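Each chain is listed here by its residues.
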Amino acid sequence: MDALETLAVYVVSWLAVALALYAIRRDLVKGFILIMWSSEGVARLIKRAAERLSFVPLRVYLAVVLALFLLSAYSPYFPIPAGTGVAYMPGFLYILLRSTYQALAGLLHGASVQEVAVVGGQAAAVPLLPGITIPWDQLPYIALAIIVGVALHEFMHGYAAARHGIGLKSAGVFSAFFVLSGAFVEPDEEQLKSSPLGARVAVFASGVAANVVLALLALAVYLAGVHAGLGGAVVAGINPATAQLGLRQGDVVVAVNGCGISADVVVPDQLLATLNAMAGNPVGAPLCSPNQTITLVVKRGGELVDVGFPAESIYVGAPLTRLIYGGPMYDAGIRPGDIVTAIYGCGGAYRIYSSGQLISVIQNIVASGLCRPGDRVVVGILRDGKAENYTVTLGHNPDNYSRPFFGIYTDGLGQLGFDTSVFAASLFANTQFVKFVMWFFLINFGLALINALPIYPLDGGLLALAVLERYLGKDVARYTVYGVTAVLAAFLVFDSALGFVSGIYNQIFSLLR
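Residues numbered from 1 in each chain as written. Predicted model: local features only at pLDDT ≥ 70, side-chain atom pairs only at ≥ 80, totals over all residues. Heavy atoms only, no water.

## Regarding the sheet that holds strand E2 (residues 34–39)
No. 1: Strand order in the open sheet formed by four strands is E1-E2-E5-E6, with antiparallel pairing between adjacent strands. Each end of this open sheet is capped by a strand with a single partner; those strands are strand E1 (29–30) and strand E6 (180–187).
No. 2: Of the strands in this sheet, E2, strand E5 (168–176) and E6 touch helix H2 (residues 40–52), which is tilted by about 120° from E5. (Pairing = 2+ DSSP bridges. Helix = DSSP H or I, 4+ residues; strand = E, 2+ residues; numbered from the N terminus. Contact = heavy atoms within 4.5 Å. Axes fitted to C-alpha atoms, helices over the stretch in contact; angles between N-to-C directions.)

This is the structure in structure tokens:
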């Protein structure tokens with residue numbers, strides 16, 4: 001199903017749901033664009049829950065939720081899951097400002113949109129659209145995380161309001177074409193506006209704080225689970241090149257040993273990263289000889305099994321994903337899609353086992369002066385499984401005219417698994433545990449980041465407005481927040497557009513396959 005067909009499914013499904021609800025209760029459907037349900041009863045339930053949970057001192061509560069709010073987007077670093085441990089991501093506001101500046105600077109200096117998209121897309125806010133930006137099979141994990149995250153987010157807004165004596169008129173849910181969906185708690189606006197600054201800050205910060213807590217809980221569960229052996233790379237599919245190594249569909253690879261490396265595997269990308277390092281990628285010689293054994297520790301039928309294969313099984317050559325048009329190798333007849341397996345000349349016969357080794361060999365040839373522009377070498381390739389040789393006349397390096405030039409892009413070489421049939425990335429998936437916990441973390445982390453930004457009328461914008469009104473007056477505060485909102489919203493839209501161009505969301509979501 002392509003994007004247009006998926007979009008048609010969204011529209012038809014939305015209209016069907018809207019018409020059904022309209023036939024039952026017309027007040028639920030607003031112009032067939034928005035579906036909204038609200039209830040005073042839910043607001044009363046939130047108030048009663050707040051009364052039962054009133055043992056937390058208000059000053060302590062304010063300090064905790066404000067600290068969690070600041071941790072989300074304004075702290076120098078936020079902890080995120082990484083393998084069997086934790087990595088630290090810079091604060092999102094810093095990423096947004098930095099990536100936008102670097103992207104704009106690149107455009108002003110003549111860089112292409114595709115080049116700056118890699119940088120600017122780092123702060124992209126990509127909508128989760130099953131069938132378009134994410135696979136359909138991820139929908140159950142996302143839906144559960146959104147339901148829990150949004151429900152607790154709004155409950156905490158209501159809890160904070162009730163604790164500070166602010167009335168709640170109603171609470172409910174809404175959706176616009178399924179994409180813009182959420183929940184809301186409607187406080188008494190007059191009481192909220194007349195409340196002390198501390199009360200308003202607590203109300204505005206509580207939703208983000210709730211999502212930060214859920215994200216940190218997901219991180220803790222993730223760490224406990226992977227150390228208990230609940231991670232791994234699941235063999236979700238099989239092809240002949242991978243089957244001949246001894247793997248079976250349903251196997252779960254939990255460790256890789258060999259070539260001086262012993263690594264646990266929690267997610268599929270760890271498996272591929274380890275195998276690529278053994279093969280010499282991104283730059284370097286392979287770590288062991290072709291006849292040495294690489295061993296995968298595999299869960300199979302409730303038992304741990306060793307699956308061994310010779311290292312030469314992953315020494316598949318250097319796949320050319322891109323090639324400089326009109327460059328020496330292109331003019332010799334070599335094309336993208338070919339796999340370089342050898343170079344003959346420049347003082348030797350070089351067997352090429354991987355893209356990293358090809359780069360290393362060329363760097364050594366250039367640095368050692370083993371060839372000069374105009375010299376000829378023979379490049380051995382595989383094309384559609386057939387071995388062929390091409391004579392290449394080396395050109396002049398554009399950056400140093402005296403050095404030889406092969407005409408390849410260093411970022412135009414494929415990696416094991418991502419551009420090869422053996423260990424093809426599409427064959428491997430995360431365990432159910434990792435998918436559930438990672439999506440739970442990502443959704444709640446994302447809800448916290450976006451809502452914490454000082455963009456009106458998001459929580460961060462409302463909080464900023466309340467604080468600035470106290471010290472700058474209503475008019476100055478309003479214009480300041482509106483100005484910041486315009487700038488940051490423009491940055492977010494700009495970076496999100498670059499994210500679509502670069503496809504960075506595919507890289508992120510592929511980690512959760």
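Still to come is the rest of the account.
## Details of the state of the cysteines
No. 1: Per the counting criterion, the structure on display carries two disulfides.
No. 2: Covalent S-S linkage joins cysteine 259 and cysteine 288, the inter-sulfur distance amounting to 2.0 Å. Here cysteine 288 lies in the loop between helix H10 (268–279) and strand E10 (293–300) and cysteine 259 lies in the loop between strand E8 (252–258) and strand E9 (261–264), a separation of 29 residues in the sequence. Each member of the pair, cysteine 259 as well as cysteine 288, carries the same accessibility label: buried.
No. 3: Covalent S-S linkage joins cysteine 346 and cysteine 371, the inter-sulfur distance amounting to 1.9 Å. (Disulfide = S-S within 2.5 Å. Buried < 20%, exposed > 50% of the residue type's maximum accessible area, 1.4 Å probe, protein only.)

## Examining the packing of helix H3 (residues 58–73) against helix H8 (residues 197–227)
No. 1: In the contact formed by H3 and H8, the axes pass within 7 Å of each other and the chain directions differ by 60°. Relative to H8, the element H3 lies oblique. The element H3 and its partner H8 pack so that their crossing is left-handed. Touching Tyr61, Leu62, Val65, Leu66, Leu68, Phe69, Leu71 and Ser72 of H3 are Gly198, Val201, Ala202, Ala205, Ser206, Val208, Ala209, Val212, Val213 and Leu216, all from H8.
No. 2: Looking at the contact of H3 with H8 residue by residue, the classes come out as 15 nonpolar, three polar and no charged. (Parallel < 35°, antiparallel > 145°, perpendicular 65-115°, else oblique. Left-handed = near helix turned anticlockwise from the far one by under 90°. Nonpolar A, V, L, I, M, F, W, Y, C, P; charged D, E, K, R; others polar.)

## A closer look at the side chain of serine 496
No. 1: Mapping serine 496 onto the fold places it in helix H15 (residues 474–502).
No. 2: Within the structure, serine 496 has its side chain in polar contact with the backbone oxygen of leucine 492 (distance 2.7 Å). (Polar contact = N/O pair within 3.5 Å; in protein donor to acceptor, adjacent residues only side chain to side chain.)

## Focus on the nonpolar core
No. 1: Ranked by internal contacts, the top residues of the largest apolar core, which has 63 residues, are Tyr61, Val203, Phe441 and Phe445.
No. 2: Of the residues forming this core, the biggest block, 16 residues, is contributed by H8.
No. 3: Phenylalanine 445 has contacts with Ser72, Phe78, Ile80, Met89 and Ala215, leaving out every residue within four places of it along the chain.
No. 4: In this structure, Val235, Ala241, Tyr353 and Leu427 belong to the second largest nonpolar core, which totals 31 residues. (Core = buried A, V, L, I, M, F, W, Y, C linked by side-chain atoms within 4.5 Å.)

## Re a nonpolar patch on the surface
No. 1: On the surface, a cluster of nonpolar side chains totalling about 640 Å² of accessible area is made up of Leu4, Leu7, Val11, Leu15, Leu19, Ile33 and Phe177.
No. 2: Among the structural elements, valine 11 can be located in helix H1 (residues 3–24).
No. 3: Taking relative accessible area as the criterion, valine 11 reaches 34% and is therefore assigned partly exposed. (Patch = residues over 30% accessible without salt bridge, like charges linked within 9 Å, V, L, I, M, F, W, Y side chains within 5 Å. Areas by Shrake-Rupley, 256 points an atom, 1.4 Å probe, with all protein chains shown as cover. Salt bridge = Lys/Arg side-chain N within 4 Å of Asp/Glu carboxyl O.)

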